[in-house]
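Now for the letters of each chain:
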Amino acid sequence: MRSSCVLLTALVALAAYYVYIPLPGSVSDPWKLMLLDATFRGAQQVSNLIHYLGLSHHLLALNFIIVSFGKKSAWSSAQVKVTDTDFDGVEVRVFEGPLKPEEPLKRSVVYIHGGGWALASAKIRYYDELCTAMAEELNAVIVSIEYRLVPKVYFPEQIHDVVRATKYFLKPEVLQKYMVDPGRICISGDSAGGNLAAALGQQFTQDASLKNKLKLQALIYPVLQALDFNTPSYQQNVNTPILPRYVMVKYWVDYFKGNYDFVQAMIINNHTSLDVEEAATLRARSLPAFLPSFLLPQSMLLLGAVESSSRAE
């Protein structure tokens, strides 16, 4: 009996050690975040073991775990019609919200899910419920794109998928089928999906052949650059739960079909120009989006010092 109590105490202590991570006091429900982080780390470690044993690619194994526990079929409700179909060969899930009597045509959102270009799905519960809520509250048609993922395809195939699906949706006959107002179409996405949404928005802005244009871009914590992994946000969240900096860098490496040997070099920005002045100039183009103007000069000096130090090593 005593040995059982000792063993139980040891197991509880080990579990607490694995789950606990220091968090800022401003985080609400810290234990929920710790448990989610521990669950995700555990899934990553299982997938890495599967990869090491040669059974499957670690990202395929990790996504299998994620989708297996979260997949949701296309169930319609009284308010929102949900259907799975494809647009020009790209799988999509379409959510059709209720039509207002005073609005003969609906607004629309083309939504691109996140997941480091390698994980998640438009068909998992989280994104299904998000798009259902948007369709109902906005009285809109939501097109959630199921683009192909790493390692089955790499950059720029994910962009090609979202471009093809969105161009198909913007055809006049398709918009008419879904009763969508061509003047009220938005592109949106979170994380890596925000990256794809931004790339799509840039391409469509320059495409003169498109009759119908996107009218709004809503990016949710988008991944917008791989030039500098020492911006204030990366430094602030270097060890953030679920997505610490080194994991984000690995997602970039996977996306570009690179080598993990480069991860450490990328973290200290050794993947950019060897010319410190040139690298600093390029970084100056992204920093104003993160910092108030009075902090920009000091930050550029700091980046230059870090760059010079890393080159010297």
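Model, not experiment: these values are computed from the prediction.

S.K.: Now, about the pattern of salt bridges: what can you tell me, with residues and values included?
M.R.: Oppositely charged side chains can pair when the atoms bearing their charge come close. Using the criterion set out here, one finds 14 salt bridges in the structure. Measuring nitrogen to oxygen at the nearest pair gives 2.7 Å for the salt bridge that ties Asp 84 to Arg 93. Two residues, Glu 91 and Lys 123, come together in a salt bridge whose shortest N-O distance is 2.8 Å. Pair noted here: Glu 91 is in strand S2 (residues 90-96) and Lys 123 is in the loop between strand S3 (106-112) and helix H4 (125-138), with a separation of 32 residues, a long-range link. Given the relative accessible area of 40%, Glu 91 is considered partly exposed. In the salt-bridge network here, residues are joined through shared partners; they are Asp 88, Arg 148, Glu 157, Asp 161 and Arg 164.

S.K.: Pulling in residues and values, what's your account of H4?
M.R.: The end-to-end C-alpha distance of H4, which contains 14 residues, comes to 20 Å, matching closely the 20 Å that a straight helix rising 1.5 Å per residue would cover. Every buried residue of H4 is listed here: Tyr 127, Asp 128, Cys 131, Thr 132, Met 134 and Ala 135. The arc that holds the buried residues of H4, viewed along the axis, is 160°, so those residues lie on one side. At the C-terminal side of H4, Asn 139 shows a positive phi close to 50°.

S.K.: I'd like a rundown of the sheet that holds strand S1 (residues 81-87), residues and numbers included.
M.R.: Strand pairing in a sheet relies on backbone hydrogen bonds, with the paired strands running either antiparallel or parallel. Taken in spatial order, the six strands line up as S1-S2-S4-S3-S5-S6 in an open sheet, and their pairing is mixed. Of all strands in the sheet, those with a lone pairing partner are S1 and strand S6 (216-220), marking the two edges. Across this sheet, the average inter-strand angle for adjacent strands is 20°, counted without regard to direction. In this structure, strand S5 (residues 180-190) lies alongside S6, joined through five bridges in parallel fashion.

S.K.: Please give an account of the nonpolar core that cites residues and values.
M.R.: Trp 117, Ile 145 and Phe 169 are the most contacted members of the largest nonpolar core, which has 52 residues in total. One finds Val 67, Val 80, Tyr 127 and Ala 140 within the second-largest nonpolar core, a separate group that totals 15 residues.

S.K.: Go over the side chain of Asp 207, please, and point to the residues and values.
M.R.: Note on placement: Asp 207 falls in the loop between helix H7 (192-206) and S6. Sequence-distant contacts of Asp 207, that is, excluding residues within four places in its chain, are made with Lys 167 and Lys 213.

S.K.: Before we move on, can you summarise the pairing of S5 with the specific residues and values?
M.R.: Inspection of the sheet shows S3 paired to S5 by six bridges, in the parallel sense. Bridged to Val 109 within S5 is Cys 186. Taken together, S5, H7 and S6 form a β-α-β motif whose crossover is right-handed.

S.K.: Break down the packing of aromatic side chains for me, citing the residues and quoting the values.
M.R.: All told, the structure shown has 15 aromatic pairs when counted by the stated rule. Cluster of aromatic residues (ring-pair linked, three or more members): Trp 117, Phe 155, Trp 252, Tyr 255 and Phe 256. The lysine or arginine in question, Arg 41, covers the ring of Tyr 18, its NZ or CZ lying 4.5 Å from the ring centre. Over the aromatic face of Tyr 260 sits the side chain of Lys 250, whose NZ or CZ is 5.1 Å from the ring centroid.

Analysis parameters
- Residues numbered from 1 in each chain as written.
- Predicted model: local features only at pLDDT ≥ 70, side-chain atom pairs only at ≥ 80, totals over all residues.
- Heavy atoms only, no water.
- Salt bridge = Lys/Arg side-chain N within 4 Å of Asp/Glu carboxyl O.
- Helix = DSSP H or I, 4+ residues; strand = E, 2+ residues; numbered from the N terminus.
- Buried < 20%, exposed > 50% of the residue type's maximum accessible area, 1.4 Å probe, protein only.
- Expected span 1.5 Å × (residues − 1).
- Arc of directions from axis to C-beta.
- Pairing = 2+ DSSP bridges.
- Axes fitted to C-alpha atoms, helices over the stretch in contact; angles between N-to-C directions.
- Core = buried A, V, L, I, M, F, W, Y, C linked by side-chain atoms within 4.5 Å.
- Contact = heavy atoms within 4.5 Å.
- Right-handed = clockwise from strand over helix to strand, strands pointing away.
- Phe/Tyr/Trp six-rings, centres within 6.5 Å; stacked < 30°, edge-to-face > 60°.
- Lys NZ or Arg CZ within 6 Å of the ring centre and 35° of its normal.

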